[in-house]
Amino acid sequence: MDAFTTATELAQAYRNGEARPTQVVDAALDRIAALDGKLGAFQVVYAQEARQAAEGAELAMRSGHRTGPFHGIPFALKDIVDLEGRVTTGGSMAFKDRISPTTALIGQRLLAAGGILLGKTRTVEFAMGGWGTNQRMGTPWNPWDLETARTPGGSSSGSGVAVASGFVPCAVGTDTGGSVRLPAAWCGITGLKVTEGRLPTAGILPLSHTLDTPGPMVRSVADAVLMFEVMDGIQSSEIERRLLAGDGLFGALGRGVAGLRLGAIGAADRELVAPDLLALYDAALERFRGLGAEIVPFTPPLPFAAMKDNVGIIMAAEAYHHHGALMEDRQAPLDEDVRPRVLPGAAIKAHDYVAMMLRRTQDQAAFAAAMLGLDAVLTPTTETAAVPLDAVDQSGTPAHFTRPANYLGMCGLALPMGLTPDGLPGGLQVMARAGDEYGALRIGAAYEAASGGIGHPAL
C-alpha cells in the first residue's frame, strides 16, 4: 500500500487479505521518522505501542476476528484530546507535564473499533487560532511548499499536516471556528465539521464549550463517513454492513447532486477572495452545474463578517472562563499570539454574553428560513491559499467563511477544489443544515468524484 492509501481502501485491503497491519504501521512510522523532523506534525509518536497494537490486530485478523472497517487503521489524535496516563499539552508549554486523567470518549471509540494510535499531533495553544502557528511548541510545516514555511491552518495544524503528508490516513481535529476546515483547506485534505453537539467532547480540553466540535480529518469523503461513524459510537459490525451495502451515510456517496439547489456567495464576499481562489471557486460552481445542480445567489440575513465577529465574542468569553487564570499569569510560558485572543474575554459582561446567546438563537432561525429551498451553501473555505508565515497578521483570522457554520450550529465539509497556479490547495466548503451531514457528504462526494482530486505534496 502506498503512503496515501485512504482508510476505506486500507479497510478493503485488510478484508481481502492484501495488506497486514504490521506492514502498514511500520511503513507509517518509517515515513514519520524520515520526514517529520522537518514537517513537525507530531507532538509525540507512540511507536512501540503502535507496533504492539498492529501485531495484535494482525493476529486477530488471522484468527478471523477482524472487528470492522476501522480495525488496523492508523490514526492520530490532536493534542487536546486526553489519553489516560499520557501527557496532553493542549499545545501549551504550561501543560508540558499534564497527565490525562482519562481517555476522551471519542478516543475510546476509535481504539475500541481497532484503530491504531500512532501519536498526538501539534495544535495551536488551547486551539485558539486559525493560522496554525505555535510560538513555543512548534508550528507544523505545510507540506505543499518545502521551500517557504506557510500556514498549515489551525488549530488542528498537526492533524492536517499528518494526513496531507501520508503519515496517517486519518486524524482527529476539533472545530470551534474552523479548526478542522481551515487546515483541511490549506493542506489539501478533507475535513468534516459536524453539527454542534453531534459528537461528545468529554475528555477534550475546552476552548468554547458551546462551539467546540470534534471531527474527522481524512483523505476522502468516504473516509470522513467511516471515521465519523466510529466517532459517533456506531457498532463496528453495523459500520461494516453499512459500508458494504451502501446504507446510512455511506449511501450519500453515490447519489450525485442532480436536482439540488446550492447557494453561492454574493458580491461583497467575493471581493474578499483572492483571484486565484476565486477562479477555483467559480470553476467548482460550473462543475456542479455540469453535474445537474442549480446554483443560485444566496444572501444571508446576517453578513458572514458579523457572524465571524459574534463567534469571536462567544469564543473569547468562554475561553477566558476556561483558561483566563493561566492567561493572566504573566510568568506562565504561553504563546504571546494567543494570550491577546483570550484576555479580552474578561471584559465581556454577563448580560452582554447572555444577550449574544439569545441573539444567536434568533439568527439561527433567520438563517434557516433564508435557506428554505436550498440544499446547502457553497463557499471557499478560506479567502486565500496558505500564506507565508512571515506574512501572517496574528491580530486577524482566516475564518471569515468557516466561523458562520459554528455560529449557526450547522455542519460543514471542507474538501480540495483544486490547485492555484502556485501549486497550493484551495478548499471548497459545503455548509449544510444542522443534522444534515448526509447532505454535506453527498455534495462533497459528487464533487470529489467529478474533480478527480488534487494529488499529493511531493515529499
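Quick summary incoming for the structure in this document. Worth saying up front: this structure is predicted, and the values here are computed from it rather than measured. Along each chain, the written sequence defines residue order, and numbers are assigned to residues from 1. Reporting in this predicted model follows two pLDDT cut-offs: at least 70 for local features of residues, and 80 or more for side-chain atom pairs to be given and counted; totals over whole chains, interfaces and linings ignore these cut-offs and use all residues. Side-chain numbers here rest on the full set of heavy atoms in the structure, without hydrogens or water.

1. Remarks on the overall build of the protein
Each helix and strand in the protein was counted, giving 15 helices and 11 strands. Against the 2.2 N^0.38 benchmark of 23 Å for 459 residues, the protein shows a C-alpha radius of gyration of 21 Å, consistent with a compact globule. Overall size of the protein, expressed as C-alpha extent along the three principal axes, is 60 × 60 × 40 Å. The buried share of the protein, taken over its 459 residues, is 60%. When the accessible surface of the protein is totalled, it reaches about 16200 Å², and 52% of it is carbon and sulfur. Neither His nor the chain ends is counted toward charge; the positive residues are Lys and Arg and the negative residues Asp and Glu. Here the site of a charge means atom NZ of a Lys, CZ of an Arg, CG of an Asp or CD of a Glu. Across the protein, 37 positive and 48 negative side-chain charges occur, with their mean positions spaced 2 Å apart. Helix and strand labels come from DSSP, where a helix needs a run of H or I of at least four residues and a strand needs a run of E of at least two; each type is numbered from the N terminus. Our radius of gyration is a C-alpha quantity, and the globule rule it is checked against amounts to 2.2 Å times the number of residues to the power 0.38. Only protein chains enter the accessibility calculation, which uses a 1.4 Å probe; a residue whose area is less than 20% of its type maximum is buried, one above 50% is exposed, and one in between is partly exposed. Areas reported here follow the Shrake-Rupley algorithm with a probe of radius 1.4 Å; residue values treat only the protein chains shown as occluding.

2. Some remarks on the nonpolar core
Take the buried Ala, Val, Leu, Ile, Met, Phe, Trp, Tyr and Cys residues and link them wherever side-chain atoms come within 4.5 Å; each set so joined is a nonpolar core. Residues Phe-288 and Leu-378 are the most contacted members of the largest nonpolar core, which totals 106 residues. In terms of residue count, the dominant contributor to this core is helix H7 (residues 221–231) (eight residues). Not counting residues within four places of it along the chain, the set of residues in contact with Leu-378 comprises Leu-262, Gly-263, Ala-264, Ile-265, Tyr-281, Leu-285, Phe-288, Ile-295, Leu-428, Gln-429, Val-430 and Ile-443. In this structure, Ala-50, Leu-118, Phe-167 and Met-217 belong to the second largest nonpolar core, which totals 27 residues. Any two residues whose heavy atoms approach within 4.5 Å at even a single point are treated as in contact.

3. A few points about the side chain of Ser-165
With respect to the helices, strands and loops of the structure, Ser-165 is situated in the loop between helix H5 (157–164) and strand E4 (170–175). The contacts of Ser-165, once residues within four sequence positions are left out, are Phe-4, Arg-31, Leu-39, Pro-143 and Leu-459.

4. Some remarks on the sheet that holds strand E11 (residues 425–432)
What makes two strands pair is DSSP finding at least two bridges between them. Read across the open sheet, the 11 strands follow the order E1-E3-E2-E4-E6-E5-E10-E11-E9-E7-E8; overall the sheet is mixed. Looking along the sheet, the strands with just one partner apiece sit at the ends: strand E1 (42–45) and strand E8 (294–297). Here the average twist between neighbouring strands, direction ignored, is 30°. Relative to strand E6 (residues 213–218), E4 is paired through six bridges, and the arrangement is antiparallel. Bridge pairing links Val-172 to Pro-216 in E6. Angles run from 0 to 180 degrees between N-to-C directions of axes, and those axes are lines fitted to C-alpha atoms, restricted for helices to the stretch in contact. Its contacts with the sheet place H7 against E4, strand E5 (190–193), E6 and strand E10 (411–419), and it is angled at close to 140° to E6.

5. Observations regarding helix H15 (residues 437–451)
In a regular helix each residue adds 1.5 Å, so 15 residues correspond to 21 Å; H15 covers 21 Å between its end C-alpha atoms and thus fits that length. Among the residues of H15, Glu-437, Gly-439, Ala-440, Leu-441, Arg-442, Ile-443, Gly-444, Ala-445, Ala-446 and Tyr-447 are the ones counted as buried. Buried residues along H15 sit in contact with H7, strand E7 (261–264), helix H10 (275–290), strand E9 (376–380), E10 and E11. Following H15 by one or two positions, Gly-452 has its phi on the positive side, about 80°. What a helix should span is 1.5 Å times the count of its residues minus one.

6. Considering the environment of Pro-425
Inspection of the secondary structure assignment puts Pro-425 in strand E11. Classification of Pro-425 by relative accessible area gives buried; the value is 2%. In this structure, Pro-425 is in contact with Trp-144, Ala-185, Trp-186, Cys-187, Gly-188, Ala-385, Gly-418, Leu-419 and Ile-454, ignoring residues within four places of it in sequence.

7. Some remarks on the packing of aromatic side chains
A pair of aromatic rings is counted whenever rings of Phe, Tyr or Trp (Trp by its six-membered ring) have centres within 6.5 Å, and the orientation is called stacked for planes under 30 degrees apart, edge-to-face for over 60 and tilted otherwise. Scanning all chains against the criterion turns up seven aromatic pairs. With a centroid separation of 5.2 Å and an interplanar angle of 75°, the aromatic rings of Phe-95 and Phe-126 are classed as edge-to-face. Within this pair, whereas Phe-95 is found in the loop between strand E2 (74–78) and helix H4 (105–112), its partner Phe-126 is found in the loop between strand E3 (116–121) and H5, the two being separated by 31 residues in sequence. With a relative accessible area of 4%, Phe-126 lands in the buried category. Where Phe-298 meets Phe-367, the ring centres are 5.4 Å apart and the plane angle is 70°; that geometry is what we call edge-to-face. Taken as a pair, Phe-298 in the loop between E8 and helix H11 (304–328) and Phe-367 in helix H13 (residues 350–370) lie far apart in primary sequence, 69 residues in all. Phe-367 carries the same exposure label as Phe-298, and that label is buried.

8. Here we look at helix H2 (residues 21–39)
Two axes enter the bend calculation: one fitted to the seven residues ending at the residue in question, the other to the seven starting there, and the bend is the angle between them. Of all the bends found along H2, the most pronounced is centred on Ala-33 and spans about 40°. Listing the buried residues of H2 in full gives Pro-21, Thr-22, Val-24, Val-25, Ala-28, Leu-29, Ile-32, Asp-36 and Leu-39. Looking at the packing, one finds that the buried side of H2 touches helix H1 (7–15), E1, helix H3 (47–62), E2, E3 and H5. A positive phi of about 65° marks Gly-40, the residue just after H2.

9. Topic: the pairing of E10
Looking down a regular strand, the side chains alternate between one sheet face and the other. Within E10, eight of the nine residues are buried, which leaves the element mostly enclosed by the surrounding structure. Pairing of E10 with E11, which is carried by eight bridges, proceeds in the antiparallel orientation. What sits directly across from Leu-413, in E11, is Val-430. Here E10 folds back onto E11 in antiparallel fashion, the turn holding five residues, of which Gly-423 has a positive phi close to 80°.

10. Let's talk about the side chain of Asp-212
With respect to the helices and strands, the residue Asp-212 is situated in the loop between E5 and E6. Put simply, a salt bridge is a Lys or Arg side-chain nitrogen that is within 4 Å of an Asp or Glu carboxyl oxygen. Here Asp-212 occupies a buried position and makes no salt bridge, while the nearest side chain of opposite charge, Lys-78, is found at 8.1 Å. If sequence neighbours within four positions are ignored, Asp-212 has contacts with Asp-175, Thr-176, Thr-201, Pro-206 and Leu-207.

11. What about the packing of H2 against H3?
With their axes 8 Å apart at the nearest point, H2 and H3 run at an angle of 160° to one another. What the angle tells us is that H2 and H3 run roughly antiparallel. By crossing handedness, the relation of H2 to H3 is classed as right-handed. Along its contact with H2, which presents Pro-21, Thr-22, Val-25, Asp-26, Leu-29 and Asp-30, the element H3 presents Ala-47, Ala-50, Arg-51, Ala-54, Glu-55, Ala-57, Glu-58 and Met-61. Residues are grouped as follows: Ala, Val, Leu, Ile, Met, Phe, Trp, Tyr, Cys and Pro are nonpolar; Asp, Glu, Lys and Arg are charged; all remaining types, including Gly, are polar. Across the contact of H2 with H3, the residue classes break down as eight nonpolar, one polar and five charged. Put simply, angles under 35 degrees are roughly parallel, angles over 145 are roughly antiparallel, angles from 65 to 115 are roughly perpendicular, and the rest are oblique. Crossings are classed by handedness, with left-handed meaning an anticlockwise turn of the near helix from the far one by less than a right angle and right-handed meaning a clockwise turn.

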